[in-house]
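In case you want the letters, here they are:
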Amino acid sequence: MTGTDFRLEADMAQEPIELILFRQLSSSLAIPVFLVDANGDLAYLNEAAEQLLGVRLDEIDEMPFAEWTTAFTARNEGGHGTDVDSLPLVRAIRDRRPAHGPLTITGGDGVERRIEITAFPLEGGRGRFIGAVAMFWETAADA
Amino acid sequence: MKVTFWGTRGSLASAGPETVRYGGNTACVQVTGSDGTCIVLDAGTGIRRLGAALSRDLTRVDILLTHLHMDHIQGLGFFDPLFRPGLEVHIWGPPSATQDLRTRLSRYLSPPLFPIRLRDADSDVHFHNAPDVPVSIGGLEVCGAEIVHPGPTVGYRVRDGAATFAYLSDHEPALTGDLDRRDGTRWTSGADIAAGVDLLVHDVQYSPDERAERIGWGHSSSLEAAAFARLVGARRLAAFHHDPGHDDAAVDRIVAETAAAVPEIGVFGAREGETVHL
């Protein structure tokens, strides 16, 4: 029997407790929060992030790593397309250390926004990598 | 598998005529497998009587600590088998990012808080992090998982053949969201280890009114425990971790509230000395 067998028996796939608690905290924050799991797939975004990214969590059943890293047409300060590997959240996942940077994105609602992103990895109590979080700050709205 | 309650009280031992039916000793539950394997969940003050009752022929005992709050470790120094030469004592507990289990327990089991040091125990003591994948202890299969309670805390799931049992003595799952949710248990603390168990021993410390004034203290109300049991599909629910300020009549009321909320689940109040067969 593996550690996940009893989850499968009951069809209940529970997230790690640290991710559960971070999601709960995020749901009460006004600052936009984008939370990914250990695979880099979107686990949660709070209401402020929904507004900033122009998407609704309820409407996107899931958003795997390969999808969110290209979904928002990220561009750097020079207006050029940004490599996926240079996105702060991708760096936090890959390098397991905090990362920060400015970006211009086009949300799911078609609105272009300039934002600052701070991302950091989440390591659980057993020293396991359980995911990463990005917090956004809108620096100016492009009219 | 047999589950025997040696201590059902939470927070502080509360001996007295007003608590004789449910008992005043703090958390300690013995699980005996069908092959005779003995594990002990938590080392509250109830473990003293358990230690005196254990057979001297026993060669190994495993003590699984949910967390290191005093009401869960205070009896450890009074657990007679700890001082039996030749006995293997395995102590399991929640992992910490900074100190190992022995070091953390020694903060209590050493002067000035306790006269005897842990290293002076005559038995052969081993320390382990609570397993986060199923491991075999004798004929029992045991798995732990971190759950919501202040400080590192785990709950345990025990299997003996087809029988399953979960022990979440101190748990505040309501902090992680709506327990009446219809969208599954992905975001509910403790959901995996408690899924579909034959018996769930769960924190039911408060009435709903008391709980409203103690959010974040790490415990559940009658209605929250009932909702959690329903969400995970438990077949029976033992209300546990009775508040030290509650007399037997108050515990009766809280157990009745819990049972009324989930009539499809067999609810009872855990009583010191009671054994449940699974």
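Keep in mind that what you see is a predicted model, and the values were worked out from it rather than measured.

> Sorry, what's going on with the environment of Ile93 of chain A here?
All names here are of chain A. Secondary-structure assignment places Ile93 in helix 5 (residues 88-95). On the basis of relative accessibility, which here comes to 12%, the residue Ile93 falls in the buried class. In this structure, the C-alpha to C-alpha distance between Ile93 and Val36, residues 57 residues apart in sequence, is 9.0 Å.

> Could you clarify how one ought to interpret the interface of chain A and chain B in this entry?
Interface size, as often reported, equals the accessible area lost upon joining of the parts. Between chain A and chain B, the contact holds 22 residues from the first and 32 residues from the second. Linking chain A to chain B there are four salt bridges. With a shortest N-O distance of 3.8 Å, Asp132 of chain B and Arg126 of chain A are connected by a salt bridge. The interface formed by chain A and chain B includes six residue pairs in polar contact (both at pLDDT 80 or more). Those elements giving two or more residues to the side of chain A that touches chain B turn out to be helix 1 (5-10), helix 2 (17-26) and strand 2 (42-45) of chain A. In terms of residue count, helix 2 of chain A provides more of the side of chain A that touches chain B than any other element does, six residues in total. Broken down by class, the residue content of the side of chain A that touches chain B amounts to eleven nonpolar, five polar and six charged.

> Would you mind going over the sheet that holds strand 10 (residues 163-168) of chain B with me for this structure?
All names here are of chain B. The sheet built from seven strands is open, its strands ordered 7-8-9-10-11-12-13 with mixed pairing. If you trace the sheet from one side to the other, it starts and ends with strand 7 (135-137) and strand 13 (266-269), each paired once. In this sheet, neighbouring strand axes are inclined to one another by 25 degrees on average, regardless of whether the strands run parallel or antiparallel. Relative to strand 9 (residues 154-160), strand 8 (residues 140-146) runs antiparallel, the two sharing six bridges. Note on strand 9: the bridge partner recorded for Glu146 is Val154. Sitting on the sheet, helix 7 (residues 248-261) touches strand 12 (236-240) and strand 13, and the angle it makes with strand 13 is about 170 degrees.

> Just to check I follow, could you spell out the pattern of salt bridges for this structure?
Oppositely charged side chains may form a pair once their charged atoms are brought near each other. Residue and element names in this part refer to chain A. Taken as a whole and assessed by the stated rule, the structure comprises 23 salt bridges over all chains. Between Asp109 and Arg113 there is a salt bridge; the shortest N-O distance is 3.2 Å. For Asp109, a relative accessible area of 39% translates into the label partly exposed. Look at Arg113 and you get buried, because its relative accessible area is 11%. Each of Glu50, Arg56, Asp58 and Glu59 takes part in one network of salt bridges that share partners.

> Quick question: what am I supposed to make of the pairing of strand 4 (residues 60-64) of chain B here?
Along a regular strand, successive side chains alternate from one face of the sheet to the other. Residue and element names in this part refer to chain B. Within strand 4, four of the five residues are buried, leaving the element largely enclosed by the surrounding structure. Relative to strand 4, strand 3 (residues 38-41) is paired through three bridges, and the arrangement is parallel. If you follow Leu41 over to strand 4, its bridge partner there is Leu64. Crossover connection from strand 3 via helix 1 (residues 47-53) to parallel strand 4: handedness right-handed. Here five bridges tie strand 4 to strand 5 (residues 88-93), and the two strands are oriented parallel to one another.

> Quick question: what am I supposed to make of the pairing of strand 2 of chain A here?
Residues and elements named next belong to chain A. The sheet contact formed by strand 1 (residues 33-37) and strand 2 spans three bridges and is antiparallel. From the neighbouring strand, Leu35 faces strand 2, where its bridge partner is Tyr44. Connecting strand 1 to the next strand, strand 2, in antiparallel fashion are four residues, including Gly40 with a positive phi near 85 degrees.

> Could you clarify how one ought to interpret the packing of aromatic side chains in this entry?
Two aromatic rings, taken as a pair, are described by how far apart their centres are and by the angle between their planes. Overall, the coordinates contain eight aromatic pairs over all chains when judged by the stated rule. Residues Phe65 of chain A and Trp68 of chain A carry aromatic rings whose centres are separated by 5.5 Å and whose planes lie at 80 degrees to one another, so their mutual orientation is edge-to-face. Of this pair, Phe65 of chain A and Trp68 of chain A are both found in helix 4 (residues 65-71), three residues apart, which corresponds to roughly one turn of the helix. On the numbers, 5.5 Å between centres and 85 degrees between planes, the contact of Phe78 of chain B with Phe114 of chain B is edge-to-face. You can see Phe78 of chain B sitting in the loop between helix 2 (70-73) and strand 5 and its partner Phe114 of chain B sitting in the loop between helix 3 (101-106) and strand 6 (124-129), a full 36 residues away along the chain. One aromatic cluster in this structure is built from Phe34, Phe65, Trp68 and Phe136 of chain A. The ring of Phe129 of chain A has Arg96 of chain A sitting right over it, with the charged end atom 3.8 Å from the ring centre. In this arrangement the basic side chain of Arg271 of chain B is found over the ring face of Tyr22 of chain B, its NZ or CZ atom lying 4.7 Å from the centre.

> Help me understand helix 6 (residues 222-232) of chain B in this model?
The α-helix advances 3.6 residues per turn, and as a result positions three or four apart in sequence lie on the same side. Residues and elements named next belong to chain B. Counting buried residues in helix 6 gives nine out of eleven residues, a clear majority hidden from the surface. Regarding helix 6, the residues found buried are Ser222, Glu224, Ala225, Ala226, Ala227, Phe228, Ala229, Leu231 and Val232. With its phi angle positive at about 75 degrees, Gly233 sits one or two positions after the end of helix 6.

What counts and what doesn't
Residues numbered from 1 in each chain as written. Chains lettered and ligands numbered in written order. Predicted model: local features only at pLDDT ≥ 70, side-chain atom pairs only at ≥ 80, totals over all residues. Heavy atoms only, no water. Helix = DSSP H or I, 4+ residues; strand = E, 2+ residues; numbered from the N terminus. Buried < 20%, exposed > 50% of the residue type's maximum accessible area, 1.4 Å probe, protein only. Contact = heavy atoms within 4.5 Å. Salt bridge = Lys/Arg side-chain N within 4 Å of Asp/Glu carboxyl O. Polar contact = N/O pair within 3.5 Å; in protein donor to acceptor, adjacent residues only side chain to side chain. Nonpolar A, V, L, I, M, F, W, Y, C, P; charged D, E, K, R; others polar. Pairing = 2+ DSSP bridges. Axes fitted to C-alpha atoms, helices over the stretch in contact; angles between N-to-C directions. Right-handed = clockwise from strand over helix to strand, strands pointing away. Phe/Tyr/Trp six-rings, centres within 6.5 Å; stacked < 30°, edge-to-face > 60°. Lys NZ or Arg CZ within 6 Å of the ring centre and 35° of its normal.

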